[in-house]
Amino acid sequence: MIHLYWGEGKGKTTAAMGLALRALGHGRRVSVVQFLKDGTSGEIAPLRELGAAVYTCAEAKFTWQMDREERRLARERFTELLSAALREPVDLLVLDEACAACEAGLLDTEVLRAAVLRAAKQAEVVLTGRVPMDWMLKSADYITEMRACRHPYERGIAARAGIEY
């Protein structure tokens, strides 16, 4: 089964990590790949402590800050992370920010699509991101769109450690 959490609203990664936590609590094997994130968010250490295999890129940075060489290296690294996660037997595979990685050209769309469709035959696969590709929308069994109705950032309130990051 393929789950898709997408949209402009808050909660896509939170929902995916909540599902990972639930699966771990039931003794399931979980792998998480975080694209475009450096692995310092608060959920990473507890997931690892509970037995999840977590793949992140310590050198990750905003795409608009990357030069051509950094983009090439990121694309290479993200493909490696995906390949490493696919080598592990899992019951749940979370591909956090996969939509954005593809949209930014930092992950080959066809490689991701083939990997997701193959993995979904044996596991639950979760994709997150703001703008999903058409094949994601067509392939997903569960689709949840997160829509922003109000956000403190609009009033100048910054993200709070332990809550938003």
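Position labels on residues start from 1 in each chain and follow its written sequence. This being a predicted model, a pLDDT of at least 70 is required before a residue's local features are given, and a value of 80 or more before pairs of side-chain atoms are given or counted; all residues contribute to the totals for chains, interfaces and linings. Side-chain metrics rest on all non-hydrogen atoms present in the structure, leaving aside hydrogens and water.

## Side note on the overall build of the protein
Comment: elements are numbered from the N terminus, with helices defined as DSSP H or I runs of at least four residues and strands as E runs of at least two. Of the regular secondary structure elements, the protein holds 6 helices and 6 strands. Taken from the N to the C terminus, the helices and strands of the protein come in the order β-α-β-α-β-α-β-α-α-β-α-β. The size measure is the radius of gyration over C-alpha atoms, and the globule rule it meets is 2.2 Å times the number of residues to the 0.38 power. Its C-alpha atoms give the protein a radius of gyration of 15 Å, near enough to 15 Å, the size a compact globule of 165 residues would have. Seen through its C-alpha atoms, the protein measures out along the principal axes to roughly 45 × 40 × 30 Å. For the protein, the residues scored as buried account for 42% of the 165 residues in total. Contacts spanning at least 24 positions in sequence make up 73% of the contacts within the protein whose residues lie at least 6 apart. For every accessible area listed, the method is Shrake-Rupley and the probe measures 1.4 Å; residues are considered covered only by the protein chains on display. When the accessible surface of the protein is summed, it comes to about 9500 Å², and 51% of that surface belongs to carbon and sulfur atoms. Here's how the labels work: a residue is buried when its accessible area is under 20% of the maximum for its type, exposed when over 50%, partly exposed in between, all with a 1.4 Å probe on protein chains only. Contacts are residue-level and defined by heavy atoms, with any inter-residue pair within 4.5 Å sufficient.

## Brief notes about the nonpolar core
Throughout, nonpolar core names a set of buried Ala, Val, Leu, Ile, Met, Phe, Trp, Tyr and Cys residues whose side chains join them through atoms within 4.5 Å. Core analysis: the biggest nonpolar cluster contains 36 residues, and F35, L95, L112 and L127 have the highest contact counts within it. Breaking this core down by element, the ones donating at least two residues are β1 (2-6), α3 (68-87), β4 (92-96), α4 (98-103), α5 (109-119), β5 (124-129) and α6 (134-139). Broken down by element, the residue count for this core peaks at 6 residues, all from α3. With sequence-adjacent residues up to four places away left out, F35 is seen in contact with F78, L82, L95, D96, E97, A98, A101 and L107. Counting residues in hydrophobic clusters, the runner-up holds 16 residues, among them M17, L19, L92 and V94.

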